[in-house]
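Here are the chains, one letter per residue:
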Amino acid sequence: AGRNDLGVAFSLNFVGPDAAAAAGLGRAFVSRAILDAGTFEEALALAREPGQCLGHSYQLTCAARAPCGGGAGRGRIAVVEAVAFNRSAVRDVRPEQGAFFHANHLLLLQGVAQHVSESSARRVARAHALLPTVRDSASALLALTDRADAAFPIYHDPAGPGPGDPDRSGERTLAAALVDVRTGELTLFSGPPPRGRVAAR
């Protein structure tokens, strides 16, 4: 996750499309370019940049009244999925549509062969059951710490599964991020939110 001084912020998710372009643009370079975006529209264009080598999912935001919004006076959120061979999809996330959850496989881009891990599929399924309860940042953070599916929880121990831990995914949640689209503040959590807050900007 990251944020620049103009109010553009983003988080990102690995996805696993089967096809790759060996000479394509790597996702780390795309992510770094997004941090230089001056507007939300520029960030959207960068996330969908043609010629990417594999694929990624980006969750982009622009704070209300921030310079990135061009004076629109409202916060914006969009999810972008982009893969090799110039294929991409965008979903604007609006309050009237409710919350949206993304894990580690493509949800928006249709017709792309991909690897979908059991962990990603089960986290998305569990999140869909929780989405009707997400009304604000506090309830969103609560959903992100959910461990009701003990074998494949939404929130993983940052140190990885320990002895006796029923988590079978072998995965870790290294950090969680919360972007307030009203103020532009980015808060990072090293442990389960809302505890474990390490930095806010």
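Structure's up top.
Since we're looking at a predicted model, the values are computed, not measured.

Student: Explain the pattern of salt bridges to me, please; I cannot follow it from the model alone.
Tutor: Once their charged atoms are close, side chains differing in charge can pair, the charge on each being opposite to the other. Enumeration over the complete set of coordinates arrives at 10 salt bridges. Residue Arg182 pairs with Asp180 through a salt bridge whose shortest N-O separation is 3.0 Å.

Student: Please explain unusual backbone geometry as it appears in this structure.
Tutor: Keep in mind that most residues, glycine aside, have a negative phi and that most peptide bonds are trans. For the bond running from Pro193 to Pro194, omega is 0 degrees, close enough to zero to count as cis. Its location among the elements puts Pro194 in the loop between β7 (186-189) and β8 (197-200). A positive phi angle is found at Phe85, which is not glycine, with a value near 65 degrees. Inspection of the secondary structure assignment puts Phe85 in the loop between β4 (76-83) and β5 (87-92). The backbone of Asn86 sits at a positive phi, close to 60 degrees, despite the residue not being glycine. Tracing the backbone shows Asn86 in the loop between β4 and β5.

Student: Would you mind going over the pairing of β5 with me for this structure?
Tutor: Strand residues, when the strand is regular, have side chains that alternate between the two faces of the sheet. Two elements, β4 and β5, share six bridges in a ladder whose sense is antiparallel. Bridged to Val83 within β5 is Arg87. Counting the residues between successive antiparallel strands, the hairpin from β4 to β5 contains three residues, one of them, Phe85, with a positive phi of roughly 65 degrees.

Student: Mind showing me how you'd approach the sheet that holds β5 here?
Tutor: One key point about sheets: their strands pair by backbone hydrogen bonds, in either a parallel or an antiparallel sense. Taken in spatial order, the five strands make up an open sheet running β1-β2-β3-β4-β5, and their pairing is antiparallel. At either margin of the open sheet sits one strand with a lone partner, and together these are β1 (2-3) and β5. Where strand β3 (residues 55-62) meets β4, eight bridges bridge the pair, whose relative direction is antiparallel. Bridging from a neighbouring strand, Gln59 pairs with Val79 of β4. Here helix α2 (residues 40-47) sits on the sheet in contact with β2 (8-14), β3, β4 and β5, set at roughly 20 degrees to β4.

Student: Would you take a moment to explain the nonpolar core for this structure?
Tutor: Most often, soluble globular proteins keep nonpolar side chains buried together rather than apart. Ranked by internal contacts, the top residues of the largest apolar core, which has 18 residues, are Ile34, Tyr58 and Leu60. The set of elements that each furnish at least two residues to this core consists of β2, α1 (27-34), α2, β3 and β4. Considering every element that reaches this core, the biggest residue donor is α2, with five residues. When sequence neighbours within four positions are dropped, the list of residues in contact with Leu60 reads Ala9, Phe10, Ile34, Phe40, Ala43, Leu44, Ala47, Arg76, Ile77, Ala78 and Val80. Residues Phe101, Leu131, Val134 and Ile154 belong to the second largest nonpolar core, which totals nine residues.

Conventions and cut-offs
- Residues numbered from 1 in each chain as written.
- Predicted model: local features only at pLDDT ≥ 70, side-chain atom pairs only at ≥ 80, totals over all residues.
- Heavy atoms only, no water.
- Salt bridge = Lys/Arg side-chain N within 4 Å of Asp/Glu carboxyl O.
- Helix = DSSP H or I, 4+ residues; strand = E, 2+ residues; numbered from the N terminus.
- Pairing = 2+ DSSP bridges.
- Contact = heavy atoms within 4.5 Å.
- Axes fitted to C-alpha atoms, helices over the stretch in contact; angles between N-to-C directions.
- Core = buried A, V, L, I, M, F, W, Y, C linked by side-chain atoms within 4.5 Å.
- Buried < 20%, exposed > 50% of the residue type's maximum accessible area, 1.4 Å probe, protein only.

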